[in-house]
Amino acid sequence: MLEETVGLARAIDLTVVEVALLNIAHPTPATLFGKGQVENGKAIIAEKQIALVVVDHMLSPVQQRNLEREWTCKVIDRTGLILEIFGERARTREGQLQVELAALDYQKSRLVRSWTHLERQRGGFGFLGGPGESQLEIDRRLITQRIVRLKEDLKQVRRTRGLQREQRQRSGHPTIALVGYTNAGKSSLFNRLTGSEVLAKDMLFATLDPTMRGIKFPGGREAILSDTVGFISDLPTHLIEAFRATLEEVQLADVILHVRDASHPETGPQRDAVMHVLGDLDISPNDERLIEVLNKIDLLPENERTYLQDYAARATWEAPRAAALEGLRSEARGGMIGVSALTGEGIAELLMLLEKRLASQSQIYEIEVPITDGAALSWLYAHGKIIDKKDTKTRSRLRVEMDAADHGRFESKFRK
């Protein structure tokens, strides 16, 4: 956790000059830390001229204010640090709205820590008006008004996403969503599968805004691949709520790829953190749509990589022979596969697994259309897999594998 927090700080180009792990037997309501720990911190901050302290724990507004007074520098907690990163990385209008909403929700409860001008009052209306509003109340009211406006804007975003989703469904292309812990390699895998050039760096939260691209399988089937924001342990609840418009893409996806860093020593806890967030979206660990993709297998020793691939190919779990693989237990009913987005190892097998999974959601239909109806024939070739086709002088008889929804769309479009 400490290494992860250092990585978060460096992700926004902060220079980390001191790292400390403190044991707290009894949290102090006023400062979280004990009196001696606060004094020691004050001496280190003064000696090294530290301008910002990040506490990898949730701080109450009072604790944050008191620590800033004691240490005479800016103090933020884990939530504040994540919000700083999100604010810097958001590029799309939707991403910026979501980040601003989360930041204002966070700031609203922290006006108590602001400076003394917030305690002054303005005169009331009328000749004998009362004390009026304090500056604190004015700021809180303005923030509340802005939050209401942002929520309305995000409702429009959700409506727009809903319309776009309906258009994709009418096109007959299934959706595959990538989820996973931040820096697990989702964007690298996205680029490998789609041939895109989405930003992919060895950095926490390198990408924030969701991206969608088309993907074509060897058998000819097409789908839409969606890359989502990375998850992280102790992700604040209001952040999840703010990004709900984006995360709806995961809820409604036909297949969910949970990308994991197989080489990371904390891959097990990282998986649990992701499943906790998915649980908030009503996606259970044994959801049949869920496939676990163990990425970065190129970083594993040869014997562990071989064992991981053997394990992923088996339907049942056997106790791991390598301690480094202890965290790879899985409840995912959709399957598991080891890949390297960097080298391409296992990508062909992943595509075959995805195509098989999408095909399992399909049925075989016997359809007869006029041989001159080129539009209907073209639609069937674009949205289904032609297993057999026999032509007579006037009719084409086809056996087509397609989703039930696609078959319904074909019937309504061409059987009027």
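Just so you know, these numbers come straight off a predicted model, no measurement behind them.

**Observations concerning the confidence of the model for the protein chain**
Logical step 1: Scored by pLDDT, the protein chain has a mean of 78; 79% of the residues are at 70 or more.
Logical step 2: The least confident element of the protein chain, judged by mean pLDDT, is helix α8 (residues 237-242) at 65; the most confident is helix α2 (residues 35-48) at 93.
Logical step 3: Low pLDDT, under 50, characterises residues 113-132; the predicted model gives this stretch 31 contacts beyond four residues in sequence or across chains.

**A look at the sheet that holds strand β11 (residues 395-403)**
Logical step 1: Strand order in this open sheet of 3 strands is β9-β11-β10, and the pairing throughout is antiparallel. At either end of the open sheet lies a strand with only one pairing partner, and these are β9 (362-370) and β10 (385-391). Across this sheet, the average inter-strand angle for adjacent strands is 15°, counted without regard to direction.
Logical step 2: Note that β9 and β11 share 9 bridges and pair antiparallel. Residue Ser362 lies in a different strand from β11, and its bridge partner there is Asp403.
Logical step 3: Packed on one face of the sheet, helix α13 (residues 374-383) meets β9, β10 and β11 and runs near 30° to β11.

**Description of the pattern of salt bridges**
Should the charged atoms of two oppositely charged side chains come close, the side chains can pair.
Logical step 1: This model, assessed by the stated rule, comprises 16 salt bridges.
Logical step 2: We note a salt bridge from Asp153 to Arg149, for which the minimum N-O separation is 3.6 Å. Here Asp153 and its partner Arg149 are both found in helix α6 (residues 135-171), 4 residues apart, which amounts to about one turn of the helix.

**Description of the packing of aromatic side chains**
Logical step 1: Per the stated rule, a full pass over the model turns up 4 aromatic pairs.
Logical step 2: Judged by centre distance (5.9 Å) and plane angle (45°), the ring pair of Trp379 and Phe410 falls under tilted. Of this pair, Trp379 sits in helix α13 while Phe410 is found in helix α14 (residues 404-414), placing the two residues 31 residues apart along the sequence. Here the two residues Trp379 and Phe410 agree in accessibility, since each one is buried.

**A short note on the sheet that holds strand β6 (residues 255-261)**
Logical step 1: With mixed pairing, 6 strands are arranged side by side in an open sheet as β4-β5-β3-β6-β7-β8. Here the strands that pair on one side only, and so sit at the sheet edges, are β4 (211-216) and β8 (336-338). Between one strand axis and the next, the sheet turns by 25° as a mean value, whatever way the strands run.
Logical step 2: The sheet contact formed by strand β3 (residues 175-180) and β6 spans 5 bridges and is parallel. What sits directly across from Ile176, in β6, is Val255.
Logical step 3: Packed onto the sheet, helix α10 (residues 267-280) meets β3, β6 and β7 (290-295) and runs at close to 150° relative to β6.

**As for helix α5 (residues 93-108)**
Logical step 1: Along its 16 residues, α5 runs 22 Å from first to last C-alpha, staying within 8% of the 22 Å computed at 1.5 Å per residue.
Logical step 2: Among all positions of α5, only Glu94, Gly95, Leu97, Gln98, Val99, Leu101, Ala102, Ala103, Leu104 and Tyr106 are buried.

**Focus on the environment of Leu354**
Logical step 1: Mapping Leu354 onto the fold places it in helix α12 (residues 347-360).
Logical step 2: Taking the C-alpha atoms as reference points, Leu354 and Phe217, 137 residues apart in sequence, are found 8.5 Å from one another.
Logical step 3: If sequence neighbours within four positions are ignored, Leu354 has contacts with Ile176, Phe217, Val255, Leu257 and Ile291.

**Quick notes on the nonpolar core**
Logical step 1: Residues Leu8, Val179, Phe231, Val250, Ile256, Leu278 and Ile283 are the most contacted members of the largest nonpolar core, which totals 28 residues.
Logical step 2: Where this core is concerned, the elements lending two or more residues are α1 (2-11), α4 (78-89), β3, α9 (244-251) and α10.
Logical step 3: Broken down by element, the residue count for this core peaks at 5 residues, all from α10.
Logical step 4: With residues up to four places along the chain from it excluded, the contact list for Val250 reads Ala177, Val179, Thr228, Ile256, Leu278, Ile283 and Arg289.

**A look at the packing of α2 against helix α3 (residues 61-71)**
Logical step 1: In the contact formed by α2 and α3, the axes pass within 9 Å of each other and the chain directions differ by 50°. Relative to α3, the element α2 is oriented oblique. The two elements α2 and α3 meet at a crossing, and its hand is right-handed. Contacts from Val38, Glu39, Gly41, Lys42 and Ile45 of α2 reach α3 at Leu67, Glu70 and Trp71.

Rules behind the numbers
Residues numbered from 1 in each chain as written. Predicted model: local features only at pLDDT ≥ 70, side-chain atom pairs only at ≥ 80, totals over all residues. Heavy atoms only, no water. pLDDT = per-residue confidence, 0-100. Helix = DSSP H or I, 4+ residues; strand = E, 2+ residues; numbered from the N terminus. Contact = heavy atoms within 4.5 Å. Pairing = 2+ DSSP bridges. Axes fitted to C-alpha atoms, helices over the stretch in contact; angles between N-to-C directions. Salt bridge = Lys/Arg side-chain N within 4 Å of Asp/Glu carboxyl O. Phe/Tyr/Trp six-rings, centres within 6.5 Å; stacked < 30°, edge-to-face > 60°. Buried < 20%, exposed > 50% of the residue type's maximum accessible area, 1.4 Å probe, protein only. Expected span 1.5 Å × (residues − 1). Core = buried A, V, L, I, M, F, W, Y, C linked by side-chain atoms within 4.5 Å. Parallel < 35°, antiparallel > 145°, perpendicular 65-115°, else oblique. Left-handed = near helix turned anticlockwise from the far one by under 90°.

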